[in-house]
Amino acid sequence: MDGVTPWPAGLEARYKAEGYWTDRLLGDVLRGDPAALALVAGDDRLTYADLDARAARTAAGLLALGLRRGDRVVVQLPNTTGFVVALLALVRIGAAPVLALPAHRESEIRYLCELSEARAYICADRDGDFDYRELARTLPVDHVIVEGEAEEFVPLASVDAEPVVAPAPEPSDAGVFLLSGGTTGLPKLIPRTHRDYVYNLEASADLCGFDRGTVYLVVLPAAHNFALACPGILGVFATGGTVVLAPSGAPDEAFPLIERERATVCAVVPPIALLWLDAVTWSDEDLSSLELLQVGGAKLAAGRAAEIPDALGCQVQQVFGMAEGLLNYTRLDDPRDLVERTQGRPLSPGDEVRVVDEDGKQVSPGEVGELLTRGPYTLRGYYRAPEHNARSFTPDGFYRTGDLVRELPSGHLIVEGREKDQINRGGDKISAEELENHLLAHPAVHDAAVVGVPDPVMGERTCAFLIIREGGEAPGLRELKDFLRTRGVAAYKHPDRLETAAAFPRTPVGKISKKALAARLR
Ligand code: OOB
């Protein structure tokens, strides 16, 4: 299938022989008892039998619209039944969902549709003031399918037909496309094959001890790898538990759901964990069902990790993962010290990690270096990005993560920083270059440089440094955000802070020194 950089034959044979890769497909993950509760979302309560039937009928409806194996479909839905049903239906017919986040706007969605040559766009009707249908009217796709008030488009509920036997995808096909956090001007797409993603979610579910009794509360966007497959929604389905969808991680929405559904597990980013640590002191919901809080997406301070068990009455697990593949988890039986201080160790015995210096040479044990990795569920190339791939992978196929880590003798990794030009705003990733390109389009801006500023809650916030054109007038922060909004840039990418500069500090080779710029803020 077009778009997937294959693993070399030798590794393919090894991953099959060692049992990482099977023929199981993403469309077959519903393995719960037919009568057991699979999904709770709003007023919906679906058993495994219900969900299976909905997915089968929706799959037939998608085929009737003309969608086929190998097609790409941009999916942008919040945490709703529609998201789960659409995802299962698409992977069953072998049409790969391109998983956009609800926060994305025209700039991101148009680009994703164009890059993936998507046949269809599946969206919600609105998100507060924002109308996805208005955006849909401008997109180069054959079909627009809307969950909710569809106006002139196809209502998701009407994508429904008598189930048919469709040609199954190959395990080596791209099952889903995830979005990269991005370090370049434009976001990248990550093809996740059926076999690598099935391994990702099954091995994760096994490591986290998921079973029929698991009640997993989703507070992160369901379209994010962490909530979807680490072990996430799909890991729960594969082991027969129950998924409960919450609209967000706000304590007043999440806590009542934990109490009502007796949730046992939840995955959060550090700002949500901090919010919960605070909120438990005044909330009176019963959180005693909670057994495990997975925290990842950005670094959790050791001190805060240590507070979680007593405050929330559950175990904490650190997860250092990436949409590109590699997942590191602290183990449920790791000593406390490792759980608090480290970001876990690789999920799979098939994961190969190297920690290297600037020349690509392995550092001495315990030294900080860049993390490189390859393995049975780590991509070998971004979709349709040959030039970028040449830089992002070593000649022997290791993915350059851009993360600076230290490896302990136990194999546990401590994330010490980042080499990539990206801001990690509470788990939301912002490519500095992407934002800089938008800022450069402002008529008063001569040059722009975006850096992360340390923040006690978000980990980092975004600061834009601007050099203003001769005779131009510097925009205020509010005006700049309006400007980015009209350009259709997702709000989480908007800068939190604005500084003007007469010139940018340079490195010896003449590049803008972001380190020196960030130092100006201290
Ligand atoms: C997860 O995936 P992405 O693709 O949004 O972001 C990956 C990047 C990593 O390369 C690293 O820079 C950062 O996010 N990161 C962490 C971290 N977890 C992710 N940095 C420090 N500590 C952590 N625990 O963020 C993601 C994917 C699957 C599971 C969990 C997180």
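Residues numbered from 1 in each chain as written. Predicted model: local features only at pLDDT ≥ 70, side-chain atom pairs only at ≥ 80, totals over all residues. Heavy atoms only, no water.

Could you give an account of the domain arrangement of the protein, with specific residues and numbers?
When the parts of a complex come together, some accessible area is lost, and that lost area is often taken as the interface size. Here the protein is partitioned into domain 1 (9–407) and domain 2 (422–520). Centre-to-centre, using C-alpha coordinates, domain 1 lies 29 Å away from domain 2. Taken together, the contact pairs 18 residues of domain 1 with 20 residues of domain 2. Counting each side, the surface lost to burial between domain 1 and domain 2 is near 1,400 Å², with a carbon and sulfur contribution of 50%. For lysine 493, the salt bridge identified is with glutamate 108, shortest N-O distance 2.8 Å. Counting across the interface, domain 1 meets domain 2 through 10 residue pairs in polar contact (both at pLDDT 80 or more). (Domains from an automatic or database assignment. Contact = heavy atoms within 4.5 Å. Buried area = accessible area lost by both parts, 1.4 Å probe. Salt bridge = Lys/Arg side-chain N within 4 Å of Asp/Glu carboxyl O. Polar contact = N/O pair within 3.5 Å; in protein donor to acceptor, adjacent residues only side chain to side chain.)

Describe the nonpolar core, naming the residues involved and giving the relevant values.
Tyr121, Phe237 and Trp276 are the most contacted members of the largest nonpolar core, which totals 167 residues. The element that contributes the greatest number of residues to this core is helix α3 (residues 81–93), accounting for 10 residues. No fewer than three residues from each of domain 1 (9–407) and domain 2 (422–520) sit in this core. Residues contacting phenylalanine 237, with those up to four places away along its chain left out, are Val29, Leu30, Arg31, Gly32, Ala38, Tyr48, Leu51, Val84, Leu88 and Val243. (Core = buried A, V, L, I, M, F, W, Y, C linked by side-chain atoms within 4.5 Å. Buried < 20%, exposed > 50% of the residue type's maximum accessible area, 1.4 Å probe, protein only. Helix = DSSP H or I, 4+ residues; strand = E, 2+ residues; numbered from the N terminus.)

Summarise the site of the ligand; cite the residues concerned and give the values.
Neighbouring the ligand are 20 residues, the closest being Val319, Ala323, Asp403, Lys420 and Lys429. Residue alanine 323 places a main-chain N or O atom 2.9 Å away from an oxygen atom belonging to the ligand. With respect to the ligand, the side chain of aspartate 403 contributes an N or O atom lying 2.5 Å from an oxygen atom. Relative to its unbound accessible area of 600 Å², the ligand is 95% covered by the protein chains. Taken together, the elements giving at least two residues each to the shell around the ligand come down to α7 (225–229) and β16 (315–322). In terms of residues, the shell around the ligand owes the most to one element, β16, which gives 4 residues. Residue composition of the shell around the ligand, by class: 9 nonpolar, 7 polar and 4 charged. (Near = heavy atom within 4 Å. Areas by Shrake-Rupley, 256 points an atom, 1.4 Å probe, with all protein chains shown as cover. Nonpolar A, V, L, I, M, F, W, Y, C, P; charged D, E, K, R; others polar.)

With reference to specific residues and values, describe the packing of helix α2 (residues 48–65) against α3.
Two numbers describe how α2 lies on α3: the axes approach to 8 Å, and their chain directions differ by 60 degrees. Compared by their axis directions, α2 and α3 come out oblique. The chirality of how α2 crosses α3 is right-handed. Taken together, the residues of α3 that come into contact with α2 (itself represented by Leu51, Asp52, Arg54, Ala55, Ala56, Thr58, Ala59, Leu62 and Leu63) are Thr81, Val84, Val85, Leu88, Ala89, Leu90, Arg92 and Ile93. (Axes fitted to C-alpha atoms, helices over the stretch in contact; angles between N-to-C directions. Parallel < 35°, antiparallel > 145°, perpendicular 65-115°, else oblique. Left-handed = near helix turned anticlockwise from the far one by under 90°.)

Quick one: what's the story with the UniProt feature "domain: AMP-dependent synthetase/ligase" (unreviewed entry) in the protein, residue by residue and with numbers?
Here the UniProt feature "domain: AMP-dependent synthetase/ligase" (unreviewed entry) sits at residues 32–383. Note that residues 32–383 is 32% helix and 25% strand, and that its end C-alpha atoms are spaced 33 Å apart. (UniProt positions renumbered as here; feature names shortened; annotations may be inferred.)

Mind laying out the confidence of the model for the protein, listing which residues take part and the relevant values?
In this model, the protein carries an average pLDDT of 97, and 100% of its residues clear a pLDDT of 70 or more. Here the prediction assigns the complex a pTM of 0.98, and the interface score ipTM is 1.00. (pLDDT = per-residue confidence, 0-100.)

Outline a negative patch on the surface, supporting the account with residue identities and numerical values.
A grouping of Asp357, Glu358, Asp359 and Glu419 is seen on the molecular surface, where their side chains present a negatively charged patch. Relative to the assigned elements, aspartate 357 resides in the loop between β19 (352–356) and β20 (369–374). Since its relative accessible area comes to 33%, aspartate 357 is described here as partly exposed. (Patch = residues over 30% accessible without salt bridge, like charges linked within 9 Å, V, L, I, M, F, W, Y side chains within 5 Å. Lys, Arg positive; Asp, Glu negative; His and termini not counted. Charge placed at Lys NZ, Arg CZ, Asp CG, Glu CD.)

Tell me what's going on with the sheet that holds β19, and back it up with residues and numbers.
Pairing is antiparallel across the open sheet formed by 4 strands, whose spatial order is β19-β20-β21-β22. The open sheet has two edge strands, β19 and β22 (413–418), and neither has a second partner. Going across the sheet, the axis of each strand differs from the next one's by a mean of 45 degrees, ignoring polarity. The pairing of β20 with strand β21 (residues 399–407) spans 4 bridges and is classified as antiparallel. Along β21, the bridge assignment pairs threonine 373 with tyrosine 399. (Pairing = 2+ DSSP bridges.)

Outline the environment of proline 505, listing residues and values.
Inspection of the secondary structure puts proline 505 in the loop between β27 (497–500) and α16 (514–520). The spacing of proline 505 and histidine 104 is 401 residues in sequence and 32 Å in space, taken between C-alpha atoms. Apart from residues lying up to four places away in sequence, proline 505 is in contact with Lys511, Ile512, Ser513, Ala516, Leu517 and Arg520.

Run through the state of the cysteines, naming residues and quoting values.
Overall, the coordinates contain 0 disulfides when judged by the stated rule. Looking at the unpaired cysteine 123, the closest cysteine sulfur is the one in cysteine 113, lying at 9.8 Å. Residue cysteine 123 is classed as buried on the basis of its relative accessible area of 0%. (Disulfide = S-S within 2.5 Å.)

Give me the pattern of salt bridges: which residues, what numbers.
Scanning the model with the defined rule gives 40 salt bridges in all. Put simply, glutamate 106 and arginine 110 hold a salt bridge, and the shortest N to O gap is 2.9 Å. Placement of the pair is glutamate 106 and arginine 110 together in helix α4 (residues 106–116), with a separation of 4 residues, close to one helical turn. Aspartate 286 is paired through a salt bridge with arginine 262; the nearest N and O atoms lie 3.2 Å apart. You can see aspartate 286 sitting in the loop between α10 (270–279) and β15 (292–296) and its partner arginine 262 sitting in the loop between α9 (251–261) and β14 (265–268), a full 24 residues away along the chain. Residue aspartate 286 is classed as partly exposed on the basis of its relative accessible area, which comes to 33%. Sharing partners across several salt bridges, the network here consists of Arg126, Asp131, Arg133, Arg137, Glu151 and Glu152.

I'd like to hear about the packing of aromatic side chains, residue by residue, with values.
Applying the stated criterion across every chain yields a total of 13 aromatic pairs. For the pair tryptophan 7 and tryptophan 21, a centre-to-centre distance of 5.0 Å together with 85 degrees between the ring planes defines the contact as edge-to-face. One end of the pair, tryptophan 7, is in the segment before α1 (9–17); the other, tryptophan 21, is in the loop between α1 and β1 (37–41), and 14 residues separate them in sequence. Each of the two residues, tryptophan 7 as well as tryptophan 21, counts as buried. Here a set of aromatic residues connected by ring pairs shows up, and it is made of Trp7, Tyr15, Tyr20, Trp21, Tyr199 and Tyr377. One cation-aromatic arrangement involves arginine 105 over phenylalanine 130; the distance from NZ or CZ to the ring centre is 3.9 Å. Here the basic side chain of arginine 354 rests over the ring of phenylalanine 398, its NZ or CZ set 3.9 Å away from the ring centre. (Phe/Tyr/Trp six-rings, centres within 6.5 Å; stacked < 30°, edge-to-face > 60°. Lys NZ or Arg CZ within 6 Å of the ring centre and 35° of its normal.)

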